[in-house]
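# Inside the fold
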Amino acid sequence: MATAKKKPNKKKPAAPKRKTTTGKVKPVKKAVKPAAKGKKKTAVKRTVAVKTKSAIRGKGAPTRKVSSPAAKKIASKAKSTPKVKAKKPLPRVVKAAAVKAIMPAPPKAIAPVAGKPKAVMTVEEKPAAIQPAPKMEKAARDVSYNPQAIESKWQAKWEADGLYRAVIDNRKPKHYALTMLPYTSGDLHFGHWYPMAPSDARARFMRMNGYNVLFPIGFDAFGLPAENAAIKRGIHPKVWTYKNIENMRRQLRTMGTMFDWEREAISADPEYYKWTEWFFIQLFKQGLAYRKMSAVDWCPNCNTTLAREQVWGENRVCERCGTPVIKKDLEQWFFKATKYADELLNFDELDWPERVKTLQTNWIGRSEGASVIFRTEAGDPIEIFTTRPDTLWGATFMVFAPEHPLVDKVTTDAQRNEVEAYKAQAARQSDIDREAVDKEKTGVFTGGYAINPVNDARIPIWIADYVLMSYGTGAIMAVPAHDERDFAFAKKYDLPIVEVIRPEPSPLHPSPSGRGDGDESGEKEGGMKAAYIGAGVMVNSGPFDGTKVNDQKGRKNPGISAVIDWLEQRGVGKESVNYRYRDWLISRQRYWGAPIPMIYCEAHGWNPVPEDQLPVLLPDDVEWKPTGESPLKLHPTWKNAPCPVCGEPSTRETDTMDTFMCSSWYHLRYLSPKYDMGPFDEAEYNYWMPVDTYTGGIEHATMHLLYTRFFHKALRDAGIVEGNEPMLQLRNQGIILGGDGDKMSKSKGNVVAPDELVAQHGTDALRTYLMFAYRWQEGGPWNSQGIDGTSRWLRRVWTLFTDQTRLGAAPDETKRILRRRVHQTLRRVTRDFEDFEFNTIISSLMELLNEMYKAREAGAVGSNEWKEAQEIYLKMLAPVAPHVAEELWSQLGKPYSVHQQAWPKVDEAAAKEDMIELPVQVNGKVRDRITVSADAGEDEIKSAALTSETVQKYLEGKAPKKVIVAQRKLVSIVV
RNA sequence: GGGGCGAUGGCGGAAUCGGCAGACGCAGCGGUCUUAAAAACCGCUGGGCGCAAGCCCGUGUGGGUUCAAGUCCCACUCGCCCCACCA
């Protein structure tokens, strides 16, 4: 990710504001959005807030005061749960029984503990005599860390208590944390864990900071892979998909995330796609959905259309049979996304990575220039787009794309055979062949001529495949003197070259253009050796001779600006902006997708299905094997429907929608997945939206992330949603590759299955490993060996926290240092959570643990400082390793749950160093270190440095030329 | 061709403003414990010279700015990503 290149800790420009001096964070966001739909609150400028420390802290622990029904339930439940008093431990026998009750089938690993087996035997001998132990965490105390047992135990308890239910609570600031929903491909691998586990940790962190956090999950369930699997294995796509969901749901739960499962949404559920259809209709009503002939990728062997992602490789072959894909024209539904092109280029309200913004900007590809109307000799208008209207007088020929609609009309009989042959050849070529840059340009003269509107010059019309029908207007004016492609073409086919921009001679470059000779006139063709692209003075340009042009585009160029004004006055052209961005083609000739809810009537054309008849259900009994037609078209009855206008028998649209349509609004469905009066419950919308933090892969930069922005803006204009952007803050994680450095994929066999590793190391060790092993934004190749590191660390945490035997009396200094380290770590961990720097969160916690081990050796156990250290440590551990933190928290006798505790506050006074060690450099080399008081003045430091024996030695009796004291950093002496 | 990002030990990576490079961890080596292994624990671990104290070199390459550069500037090399006959 762009902003995280070299200095991961560097602040991103729009990221949360932090006051450098105090470490305080400014609240930058209003907690709750004013409701009032319809009233356009255009100025809802909300800078992204990651956290508002002052707002959420300071008033005690906000988590104590729970108000939501679910939370109340938790609170009362926790209270009513019978508690074993720590001071009155149960007899050993009972304890062992409880262990047994809570840990179903404890792995062998924990069995051989001295003394224990005996107790267990007692239980087995006289089970009836023992009171059933209350199911409580306290009893589960065990000497060795057994992640699997505590993880499943706590997961069950959290679930039962509804600990992660997120309900509207107006007394708390909300935080909508969203992670990209998984596609239902079958198995959850580390590609899924990698964004999710750290996102979960951060959501938990936000929650501890007093936010009411919504962190939902769902499944992107429609799409081609399901259909392909169905074709391959003969399983119905629906069956395959829902079976996968079940498995993935189970796997997601083992991750120990705080997902609110009550809000799960599945895009293939009729309750979901009903609203996907409804949205289509709203866009249709807005005039944003339209039908047009368009070329699609078509496999002539499978006899079916293919989606872009099904066309593989450089030579563009069908993913199933390997046949080269061809283009075929079909009537398709489009969304007018280009209407929002300019608005989509505006990222002012977004805290998104620069990289994504750049990708979207390039993808939209805005270029400024003019559109100019040339004419055929017969008088037909030929619109062209040019970024260089200042070179209009140098247009010596025109080039049409072979598919241009006027080609047939302008072609003369003499040229017809040649033109037809060229057209046929171009049609056969794949896009890649055609667009290969290094390919020599080819073309054919049509025999026709066009009239240049600026000077009435009669210029020949050619066709060539370097002109694309898909960009601009499919026709160009060719100015060989000032365009490299046109130049090459003119040279090859011996077409005239007229210079119209002459570089201004400078003392250094008397003849700076590509012309071989400065004296030579541009009017003489062949004088130029290359096209000249730069700035200069217009020549051979009628009224504009002598006008200066610079190398800017659009109105910033005086020459271009003047010509545009002139064109507009004469009515032959106008200022114009062209985009590379295309309208969104949403038709898929496929079965497994949301039906497009439209009906075609001979008399009334296309009309939407009446909204009270939604959803248009996808029938189960279809032939989904590829036949060359949309599967729904082949269904005997499905497509028959009455015209919504006249009621006469009519035909449904049998294409389905692109799955990106489903995922464009899933964040809205999470708000109220069971709601049936609309796509979402307005109250939920008003409280939760917009998404505050969105995490996911950068591969969606120009797809999902652009579609969803378009979609939101379209819905805004339809009065359905508010605000200009759906997701305020975006953070991209990198990609986890297979151990071999290749992308993880089933076909390569380098996919690492989390299930096995969970069984081996436990979820907490895996979660923390994913956070620790890479810079989150970068990712990298998988290496299972490294898990030993975090696994060992958690075991060491366990050991230190469960062994309370080494009580001692540590000197005050030791305790003070411990406290300092704790608060320094807290400061750093807090900052790193804010900045998504997960790897240094873990390393800081590891360091602190090492310090605590030292403090234990020094006898700190039992002191207040030690207790505080333990408490803060577990709170910091809670977001990253939720299970072990909860277990140890409960073993310390603290109130359930650690996940409802308030994030601790840094005691800046305690965190402050009192003595600091400064390196002393002599001529740039470190020669000594001095220890001074942390707030020693410059003079004090200077004299301490100069009196050092070692420094004296290096000074060799000479007086220092210069002594630089960098406060709290170092001393530099120049001799 | 255009644009973006990156390059730090055997490996993953640390290094707020230009201020002790290599934190933390993996792997490796040596040791303690053990009948043994595993686990755990302790120590070493960028390179070179040296018995040692210590000295020199070192953040892709070459320059520059500075008392001081992994960090800033210029030029380059390599790698990855995106766009690409874009008119």
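Just so you know, these numbers come straight off a predicted model, no measurement behind them.

Within chain A one finds 31 helices and 34 strands. Residues counted as buried form 54% of the 975 residues belonging to chain A. For chain A, long-range pairs separated by at least 24 residues make up 73% of all intrachain contacts whose partners lie at least 6 apart in sequence. Carbon and sulfur atoms make up 52% of the accessible area of chain A, which amounts to about 43,300 Å² in all.

A few words on the pairing of strand β22 (residues 598-601). In terms of strand pairing, β22 meets strand β23 (residues 605-608) through four bridges, oriented antiparallel. Bridge pairing links methionine 598 to proline 608 in β23. Hairpin remark: β22 followed by β23, antiparallel, with three residues in the connecting loop. In terms of strand pairing, β22 meets strand β25 (residues 649-652) through two bridges, oriented antiparallel. Across the sheet, tyrosine 600 pairs through a bridge with threonine 651, a residue of β25.

Taken together, four strands build an open sheet; the order of strands is β32-β31-β34-β33 and the sheet is mixed. Two strands close off the open sheet at either side, each with one partner strand: β32 (925-933) and β33 (962-966). Looking at each pair of strands side by side, their axes are set apart by 20 degrees on average, direction ignored. Relative to strand β34 (residues 970-974), strand β31 (residues 915-922) runs parallel, the two sharing three bridges. Considered in β34, the bridge of valine 920 is made with valine 971.

Evaluated as defined, the whole model comprises 55 salt bridges. In this structure, aspartate 260 engages arginine 165 in a salt bridge whose closest nitrogen and oxygen atoms are separated by 2.7 Å. Of this pair, aspartate 260 sits in the loop between α8 (237-254) and β4 (265-266) while arginine 165 is found in the loop between α5 (147-161) and β1 (174-179), placing the two residues 95 residues apart along the sequence. Judged by its relative accessible area of 3%, aspartate 260 falls in the buried class. With a closest N to O distance of 2.7 Å, glutamate 813 and arginine 816 form a salt bridge. On the criterion of helical spacing, the pair formed by glutamate 813 and arginine 816 is a turn pair, its members being three residues apart in helix α25 (residues 812-834).

Attention now goes to the packing of aromatic side chains. For the structure shown, the criterion picks out 49 aromatic pairs. Judged by centre distance (4.8 Å) and plane angle (20 degrees), the rings of phenylalanine 215 and phenylalanine 259 are stacked. A residue pair is termed long-range when its members are at least 10 positions apart, and phenylalanine 215 in the loop between β2 (212-214) and β3 (218-219) and phenylalanine 259 in the loop between α8 and β4 qualify at 44 residues. An identical accessibility class is assigned to phenylalanine 215 and phenylalanine 259; each is buried. Seen in terms of ring centroids, phenylalanine 445 and tyrosine 449 are 5.7 Å apart; in terms of plane orientation they differ by 75 degrees. Their pairing is edge-to-face. Of the residues examined, tyrosine 449 reaches a relative accessible area of 22% and is grouped as partly exposed. Joined through ring pairs, the aromatic side chains of Phe280, Phe284, Trp333, Phe335, Tyr340, Trp584, Tyr600, Trp606, Phe660, Tyr707 and Phe710 make up one cluster.

Moving on, we come to the confidence of the model for chain A. Taken as a whole, chain A shows an average pLDDT of 81; of its residues, 80% reach a score of 70 or greater. Element-level mean pLDDT values for chain A span from 29 in helix α1 (residues 53-56) up to 98 in helix α19 (residues 666-669). The low-confidence segment residues 1-142, where pLDDT is below 50, has 210 contacts with residues more than four positions distant or belonging to other chains. Considering only residues more than four positions removed or in separate chains, one finds that residues 507-526, a stretch of pLDDT under 50, has 29 contacts. For this predicted complex, the interface confidence reaches an ipTM of 0.95, while the overall pTM sits at 0.82.

The element helix α23 (residues 763-772) is largely enclosed, with a buried count of nine among its ten residues. Listed as buried for α23 are Thr763, Asp764, Ala765, Leu766, Arg767, Thr768, Tyr769, Leu770 and Met771.

Okay, the side chain of glutamine 589 next. Mapping glutamine 589 onto the fold places it in the loop between β21 (587-588) and β22. Within polar-contact distance, the side chain of glutamine 589 engages the side chain of aspartate 655 at 3.0 Å. Aside from chain neighbours lying at most four places away, what touches glutamine 589 is Thr305, Leu330, Gln332, Ser630, Pro631 and Asp655.

Another aspect to go through is the sheet that holds strand β18 (residues 548-549). With antiparallel pairing, the three strands of this open sheet are ordered in space as β16-β17-β18. Single-partner strands in this sheet number two, and they are β16 (501-502) and β18. Of the pairings in the sheet, the one linking β16 to strand β17 (residues 536-538) comprises two bridges and is antiparallel in character. Bridge pairing in β17 places arginine 502 opposite valine 537.

Moving on to the environment of isoleucine 964. By the element assignment, isoleucine 964 lies in strand β33. Taking the C-alpha atoms as reference points, isoleucine 964 and glutamate 938, separated by 26 residues in sequence, lie 9.2 Å from one another. Once residues within four sequence positions are removed from consideration, isoleucine 964 is found in contact with Leu970, Val971 and Ser972.

The rules behind these values
Residues numbered from 1 in each chain as written. Chains lettered and ligands numbered in written order. Predicted model: local features only at pLDDT ≥ 70, side-chain atom pairs only at ≥ 80, totals over all residues. Heavy atoms only, no water. Helix = DSSP H or I, 4+ residues; strand = E, 2+ residues; numbered from the N terminus. Buried < 20%, exposed > 50% of the residue type's maximum accessible area, 1.4 Å probe, protein only. Contact = heavy atoms within 4.5 Å. Areas by Shrake-Rupley, 256 points an atom, 1.4 Å probe, with all protein chains shown as cover. Pairing = 2+ DSSP bridges. Axes fitted to C-alpha atoms, helices over the stretch in contact; angles between N-to-C directions. Salt bridge = Lys/Arg side-chain N within 4 Å of Asp/Glu carboxyl O. Phe/Tyr/Trp six-rings, centres within 6.5 Å; stacked < 30°, edge-to-face > 60°. pLDDT = per-residue confidence, 0-100. Polar contact = N/O pair within 3.5 Å; in protein donor to acceptor, adjacent residues only side chain to side chain.

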